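Tertiary structure, described
Here is how the chains run, residue by residue.
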Amino acid sequence: MNAFTTVIGLEVHVQLATQSKLFSPAPSSSLGEPNSRVHAVDIGLPGVLPRPNATAIALAVRASLALGGEIQRTSRFARKNYFYPDLPKGYQISQFDEPLCRGGSVPLGDGRSCRLHRIHVEEDAGKLVHGDIGTMVDLNRAGMPLVEIVGEPDLRAPSEAHAFLTNLREILRGCGVSECDMELGTMRCDANISLMPAGATEFGTKVELKNLNSPKMVQRALEYEERRQAAILAAGGRIAAETRGWNDEAGESRPQRSKEQAPDYRYFRDPDLPPLVIDDATIARERGAIGELPDARRARFRSHYDLPDYDVALLTQERDVGDWFEALVAEGIAPKTASNWVMSDVLPARNARGASMATFPVEPRGLAELLRMLDAGTLTQVAARRVFAHMVDTRDSAADATRTLGLLRIADAASLEPFVAAAIAALPEAAAAVRAGKERAIDALKGHVMRATKGRSDPVLVDTLLRQSLSRG
Amino acid sequence: MTPGLAGLSATRIAAMVRAGEVTAVEATEAALARVGAADSELHAFLEVTRDTALAAARAVDERHARGGDPGPLAGVPMAWKDNLVLADHVASAGSRMLEQYRSPFTATALQRALAAGAIPIGRTNMDEFGMGSSTENSAYGPTRNPWRRDRVPGGSSGGSAAAVAAGMCPLAMGSDTGGSVRQPASLCGVTGLKPTYGRVSRHGLIAYASSLDCVGAFARTAEDLALWLSVVSGIDPADPTSTPAEPGHTRRRQDLRGLRIGVPWELNGPGLDDEIARVTREALATLTELGARVVDVALPHVPHAVPAYYLVATAEASSNLARYDGVRYGLRRGANRCDAMITASRSAGFGPEVQLRILLGTFALSAGYQDEFYRRANDARAQLTADFRAAFAQCDVVWSPTSPVPAFPIGSRTDDPLAMYLCDVLTVPASLAGLPALSQPCGFTRDGMPVGMQWTAPAMQDEELLDIARLFESHTDHHKRSPTP
């Protein structure tokens, strides 16, 4: 493989998180009964005209700014003409030679980055549903707002394509542009790959890969294609310029269409739409809405909270989670304690409930109250975790949950002594072993007391009382 | 037979209805009776919407009876071109493709007229999708010129022009892409307005060429058209190319003295029919007698206008008409394979002129030819727009005949598309420049056919055109003549 240099470029479609479609007031949800999310504009009825959605344009501007692109103050919509049953107007409204944004880049995580060629706005097509009675058309998705992000061929390995997509997703999710879920289709990726002899400067013949439904799948498909092309070239063969579809189950790609069959889309400016003009106010507003980008946030969490890389990675994966953590710290909780609780208790509980941070039943203030009780010795670490689980289930406060569960710590000798006596009586062999000098045997007795007190007993006091009792005879 | 109530102007009928001198139902019944008597010969209407009209008229009368404002177009019977959609009614654009198509919504311009009290009496015949200059390209047969039954009414809004000329209604809506209101207005002896591009919403107008299409109207007086424009114009959220009316253009011209009339030789040169030349020269003489001043202006890029127009319009049409594929609505033929179904549906649904223009437009946009054709056409368009701007530095309005020929015999030009396209030579320049233009009657040929003259004004100066036309009417009576039934 080292005889060749791999060259990869990605084209990514991202669905913008708007309430309605790009050019119609229909709700922007592809869910629901087929053809239930359609307006006359989406069906292309005679006499309809597109009505640009200002929110979609704003989100496209935000995405472009978050990726460091140069917003073109005046861009144009263009028609891409072709016949297909899922394309209601016989053309797609897109942008051609006057896109919204030029340039920009996506970080690859190792200090390197991949340059972007352009970002433009376009509408989605509907989809065909193949059923028993034939092929049917569902236009729920028709007219959904997309940005197409076109990367430069800067990537040199399939793993870099994976890094490109995960970083892109992180940035765009972070600033609220899109959910970027490849499995749900809110982010879609086509990959171009070619090989050239190591040291060469002229790119080889490229192949386009389609049907890639996750960053991992993109990487697998590119690795397969890298091997396939290397084998052909090593054997003295030529690569055919073509589009290939990836079959993940089979672990291979198959030819879909050769580039010679590429259609002529007859692009021209859409005469129904005036120039798309982006003003200073929009740019300022959207720049403000981006917030902190993931790389900057990671650096800040590392230095400001002095957290290990593992914690930083987990806490910055989603903006909401990082915000929740910071709110907890703002309540006066030590950063590492806050981080531990978010990672080991808050996130598992949220994931188990399928909730978002916004709908999570416990607020940072509530957990902070619990942690202060823990710090004050009002309850034990073990009890605190049970109280937290109860708070998640009931939305009770920390104090109420502790009372309900009867989990206030038992830290007075008089209350604990009966439990200590009961443990020695129940486990005479262990008691004998301790007396005989086998230190480890005391753990069984401690465990008995803990179980009997439902984890409420102060472990240090239990240890002292056990030793006193056993030494007394 | 006299047109009676149906022969009155829209302004007069609305005034009478508002004053309670006549009901909207009476005005509507008079118009419907006139249509019933005259249209079997003329075929101006594709459908007479009697029930819808009478229901609308009753609603106007009831609103009035309850003390509500019946609207500035109260009780005015109005026809509309078959490419403007009205909810729950067929809108076929003169095509087999949409023979059964019913729209779920109403065109903004139509909606505004109806909300102002206009009565929708029926949809009128047209060249298929607006592609033609004689209404002979309708899938439903030609319309006849009310002045002579063997002549065309012009096109593509020939049905609307004939309906107004024959006294079937005082007001009819049409659309003008390259002259489709002005040329039939000229050939039928009525007044026709193509507003500034964008002044009237295109929402609900079945598109032919989006950058040129304008909703326009026909009437027997300029005053009626001014009333119509005041009702239907203005910005519309459903049409992103619509424009708000600019305040301050309402300065009304009181007479024609001092009016600087720009006469470009390019629109008054050879190629004009002798009678057209004679009648329009006499009209120009009348205008100068009334105090207007003739200024020579140049529009040097006019010779490129017809080819540029046919490239731009057909390119846009090839894309606009791609939606008629048989998949979701409209005519469908063949059912085995989807691509074969699309081909069969389009072959059966579109007439020969539409197919010809789709092919032309597809070619003009195709890779390798776009620079040579479509781009150059747009360049010519920009140059022509600059020509007008320069001309308006020297004059208030540009003047010319509307059509190089009077109404020609049905069937006489159908075999020669180029001869037909040259009918538009005088009207396409204003279309390409997006300017308001108006055609009004200015005399008659020796054999009694009406002749129109065309006024073109700077953008947004539609009211200036209407004022000039109104003042010319006040000194002449060409617009008062009507064809003998």
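Residues numbered from 1 in each chain as written. Chains lettered and ligands numbered in written order. Predicted model: local features only at pLDDT ≥ 70, side-chain atom pairs only at ≥ 80, totals over all residues. Heavy atoms only, no water.

As a further point, take the overall build of chain A. Of regular secondary structure, chain A possesses 16 helices and 17 strands. Computed over its C-alpha atoms, the radius of gyration of chain A comes to 30 Å, more than 25% above the 23 Å expected for a compact globule of 473 residues. Summarising its shape, the C-alpha atoms of chain A cover approximately 100 × 55 × 50 Å along the three principal directions. For chain A, long-range pairs separated by at least 24 residues make up 67% of all intrachain contacts whose partners lie at least 6 apart in sequence. Here chain A has roughly 21,600 Å² of accessible surface; of this, 51% comes from carbon and sulfur atoms. Each charge class in chain A can be summarised by its mean position, and for the 58 positive and 62 negative side chains these summaries are 2 Å apart. (Helix = DSSP H or I, 4+ residues; strand = E, 2+ residues; numbered from the N terminus. Rg over C-alpha atoms; globule rule 2.2 N^0.38 Å. Contact = heavy atoms within 4.5 Å. Areas by Shrake-Rupley, 256 points an atom, 1.4 Å probe, with all protein chains shown as cover. Lys, Arg positive; Asp, Glu negative; His and termini not counted. Charge placed at Lys NZ, Arg CZ, Asp CG, Glu CD.)

Counting residues at the interface gives 30 residues for chain A, matched by 37 residues for chain B. Roughly 2,600 Å² is buried in total at the junction of chain A and chain B, and carbon and sulfur atoms are behind 60% of that figure. When the area that chain A buries against chain B is broken down by residue, the three leading residues are P46, F83 and R266 of chain A, summing to 23%. For the pair chain A and chain B, the interface holds one salt bridge. (Buried area = accessible area lost by both parts, 1.4 Å probe. Salt bridge = Lys/Arg side-chain N within 4 Å of Asp/Glu carboxyl O.)

In this structure, the second largest pocket encloses a volume near 860 Å³. Residue lining of the second largest pocket: 38 residues in total, with R76, R269 and D270 of chain A together with Y374 and N378 of chain B positioned closest to the centre. For the lining of the second largest pocket, the secondary structure elements donating two or more residues are β16 (268–269) of chain A together with α12 (371–391) and α14 (428–433) of chain B. Residue classes in the lining of the second largest pocket are distributed as 18 nonpolar, nine polar and eleven charged. (1 Å grid on protein atoms, 1.4 Å probe; cavity = no way out; pocket = protein on both sides within 12 Å on 5 of 7 lines; lining within 4 Å. Points joined across faces, edges and corners; volume = space filled by probe spheres on them. Nonpolar A, V, L, I, M, F, W, Y, C, P; charged D, E, K, R; others polar.)

Before going further, it helps to spend a moment on the sheet that holds strand β5 (residues 91–94) of chain A. All names here are of chain A. Reading across from one edge, β5-β4-β16 is the order of the three strands in this open sheet, with antiparallel pairing throughout. Each of the sheet's edge strands pairs with one partner strand only, and the pair in question is β5 and β16. Examined bridge by bridge, strand β4 (residues 78–81) and β16 share two bridges and lie antiparallel to one another. What sits directly across from A78, in β16, is R269. (Pairing = 2+ DSSP bridges.)

For chain B, per-residue confidence averages 95 on the pLDDT scale, and residues scoring 70 or more make up 98% of the total. Confidence metrics for the complex model read pTM 0.87 and ipTM 0.95. (pLDDT = per-residue confidence, 0-100.)

Formed by 216 residues in total, the largest nonpolar core has its most connected members in F164 of chain A together with W455 of chain B. Ignoring sequence-local partners within four residues, the contact set of W455 of chain B consists of L259, I261, L287, V397, V398, W399, P436, A437, L438, Q440, L465 and I468 of chain B. Y305, I333, L347 and A368 of chain A belong to the second-largest nonpolar core, a separate cluster that totals 36 residues. (Core = buried A, V, L, I, M, F, W, Y, C linked by side-chain atoms within 4.5 Å. Buried < 20%, exposed > 50% of the residue type's maximum accessible area, 1.4 Å probe, protein only.)

Looking now at the domain arrangement of chain A. The domains assigned to chain A are domain 1 (4–282), domain 2 (295–405) and domain 3 (413–471). Once you take the C-alpha centre of each, domain 1 of chain A and domain 3 of chain A turn out to be 67 Å apart. (Domains from an automatic or database assignment.)

Right, let's get into the packing of helix α15 (residues 442–452) of chain A against helix α16 (residues 459–472) of chain A. All names here are of chain A. Taken N-terminus to C-terminus, the directions of α15 and α16 make an angle of 120°; their axes are 10 Å apart at the nearest point. One way to sum up the angle between α15 and α16 is to call them oblique. The two elements α15 and α16 meet at a crossing, and its hand is right-handed. Between α15 and α16, the residues in contact are I442, L445, K446, V449 and M450 and P459, V462, D463, L466, R467 and L470, respectively. Within the contact of α15 with α16, the residues separate by chemical class into eight nonpolar, no polar and three charged. (Axes fitted to C-alpha atoms, helices over the stretch in contact; angles between N-to-C directions. Parallel < 35°, antiparallel > 145°, perpendicular 65-115°, else oblique. Left-handed = near helix turned anticlockwise from the far one by under 90°.)

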